[in-house]
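Survey of secondary and tertiary structure
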Amino acid sequence: MPGWAQYTTARLSGIVSDPSGAVVAGAAITVHDVGTGYTQTANSTSAGQYLFPSLPVGTYQITVSMAGYKSYVQKGIVLSVDQAAALNVQLQVGTVSQEVVVTANSSLVTTDSATVGQLIDEQEIKELPLNGRYVQELVFLAPGTSNVTSNYCAANCEGGVFPSEQYAKVNGGGANGVNYLLDGVDANDTYINTNVPFPNPDALQEFNLITGNMSAAYGNAIGGVVNVVTKSGTDKVHGDVFEFLQNSALDASDYFSQGQVNPLSRISLGQHWRTYY
């Protein structure tokens, strides 16, 4: 069986140096996901470089320690799907028991990847208006995308089976040239190569649409890649209950409806229970 590439993580790299700017080799670097307790460790190379090539999305704390220097701790490092972030660390002379703590969430720059994309995060998924709660429509927020779904027959006609399938052109590419992934798993209708329905908006963490210079880890993509990540659990058992109600009680009639309001009525109930092992 072929092994398809799965790429639902972020990458963090950087250079460790001393106050003079000289690189520090052999420094111990630890990254810790504050939500799940997940931890990875690495050491800086002879060139002072470190690399964490595959970190689950989340909020991290990084700790850098080396004999003869104060320990460096930075909190609030937010990593998103497909992100290739760089964070350089400058150690101060002192003892390991002393700490330099940075609590501000400084912006992470990308210096080693030419990938172009658009991240749709959890806040945007929650707050932006959705027609029918179809999160996949937010794909069209990315520059260079166009919705050409109305030009095709799709569901129950061309072989598609899902009513929420959409045709997206990216930078002038083919209408069905976007590859959709859900937590690293193929999420395409194999009949017409369009998306299968996205999960409930309350279950999504974020998604990223890559529109240019994508990694060789991806295939089956002519125009772009949509990488969807669902919410994971944490190191504590917790849950949430949600209710979504949409009706015409507060809607206004338009100019041509002669006072009649479209009798739209939808209700969605559910619950999520998540944990991390």
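The structure this text deals with has already been given above.
Because the structure is predicted, anything quoted here is derived from the model rather than measured.

1. Comments concerning the overall build of the protein
- Each helix and strand in the protein was counted, giving one helix and 20 strands.
- Scored against the burial criterion, the 277 residues of the protein give a buried share of 38%.
- The long-range share in the protein, meaning contacts at least 24 apart out of those at least 6 apart in sequence, stands at 64%.

2. Describing the nonpolar core
- In terms of nonpolar packing, the biggest core is built from 23 residues, with L12, V16, Y50, I62, V64, L79 and L91 touching the most fellow members.
- Of all the secondary-structure elements, those providing two or more residues to this core are strand 1 (9-17), strand 2 (28-33), strand 4 (49-56), strand 5 (58-65) and strand 6 (71-79).
- With residues near it in sequence (within four places) discarded, V16 still touches A22, V23, V24, A27, I29, S44, G48, Y50, V64, V89 and L91.
- I125, V178, Y180 and V196 belong to the second largest nonpolar core, which has 20 residues in total.

3. As for the pattern of salt bridges
- According to the stated counting rule, one finds three salt bridges in the structure shown.
- The salt bridge involving E122 is made with K231; its shortest N-O contact spans 3.0 Å. With a gap of 109 residues between them, E122 in helix 1 (residues 122-127) and K231 in the loop between strand 18 (224-230) and strand 19 (238-247) connect regions that are remote in the sequence.
- Residue classification places E122 among the partly exposed residues on the basis of a relative accessible area of 24%.
- Taking the relative accessible area as the measure of exposure, K231 reaches 19% and is therefore buried.
- In this structure, the salt-bridge partner of D202 is R133, at a minimum N-O distance of 2.8 Å. Here the residue D202 occupies a position in the loop between strand 16 (194-195) and strand 17 (204-212), and R133 occupies one in the loop between helix 1 and strand 11 (145-147), the gap between them amounting to 69 residues.
- Here D202 falls in the partly exposed class, since its relative accessible area comes to 23%.
- Salt bridges sharing common partners tie together E122, K126 and K231.

4. Remarks on the layout of surface pockets
- Here the largest pocket is characterised by a volume of approximately 500 Å³.
- For the lining of the largest pocket, the secondary structure elements donating two or more residues are strand 5, strand 6, strand 17 and strand 18.
- Looking at the lining of the largest pocket residue by residue, the class counts come to eight nonpolar, 12 polar and six charged.

5. Notes on the sheet that holds strand 3 (residues 39-43)
- Taken in spatial order, the five strands line up as 3-2-5-6-9 in an open sheet, and their pairing is mixed. Edge positions in the sheet fall to strand 3 and strand 9 (99-102), since each of these pairs with one other strand and no more. Neighbour to neighbour, the strand axes of the sheet diverge by 20° on average, direction disregarded.
- Where strand 2 meets strand 5, six bridges bridge the pair, whose relative direction is antiparallel. Within the sheet, the bridge partner assigned to A28 lies in strand 5 and is S65.

6. Focus: the environment of L119
- Inspection of the secondary structure assignment puts L119 in strand 10 (residues 116-120).
- Here the alpha-carbon distance between L119 and A142, two residues 23 residues apart in the chain, equals 8.3 Å.
- Every residue in contact with L119, bar those within four places of it in the chain, is listed here: S80, V81, E124, E206, F207 and N208.

7. Examining the packing of aromatic side chains
- As enumerated under the stated definition, the model contains four aromatic pairs in all.
- Their ring planes at 85° and their centres at 5.8 Å tell us that F198 and F207 sit as a pair that is edge-to-face. Grouping residues by exposure puts F198 and F207 together as buried.
- These aromatic residues form a ring-pair network of at least three members: Y180, F198 and F207.

8. A few points about the pairing of strand 6
- Inspection of the sheet shows strand 5 paired to strand 6 by six bridges, in the antiparallel sense. Bridge pairing in strand 6 links I62 to Q74.
- Connecting strand 5 to the next strand, strand 6, in antiparallel fashion are five residues, including G68 with a positive phi near 90°.
- When strand 6 meets strand 9, the two strands line up parallel, connected through four bridges. Looking at strand 9, one finds that V73 is bridged to V101.

Here is what the cut-offs are and how they apply
- Residues numbered from 1 in each chain as written.
- Predicted model: local features only at pLDDT ≥ 70, side-chain atom pairs only at ≥ 80, totals over all residues.
- Heavy atoms only, no water.
- Helix = DSSP H or I, 4+ residues; strand = E, 2+ residues; numbered from the N terminus.
- Buried < 20%, exposed > 50% of the residue type's maximum accessible area, 1.4 Å probe, protein only.
- Contact = heavy atoms within 4.5 Å.
- Core = buried A, V, L, I, M, F, W, Y, C linked by side-chain atoms within 4.5 Å.
- Salt bridge = Lys/Arg side-chain N within 4 Å of Asp/Glu carboxyl O.
- 1 Å grid on protein atoms, 1.4 Å probe; cavity = no way out; pocket = protein on both sides within 12 Å on 5 of 7 lines; lining within 4 Å.
- Points joined across faces, edges and corners; volume = space filled by probe spheres on them.
- Nonpolar A, V, L, I, M, F, W, Y, C, P; charged D, E, K, R; others polar.
- Pairing = 2+ DSSP bridges.
- Axes fitted to C-alpha atoms, helices over the stretch in contact; angles between N-to-C directions.
- Phe/Tyr/Trp six-rings, centres within 6.5 Å; stacked < 30°, edge-to-face > 60°.

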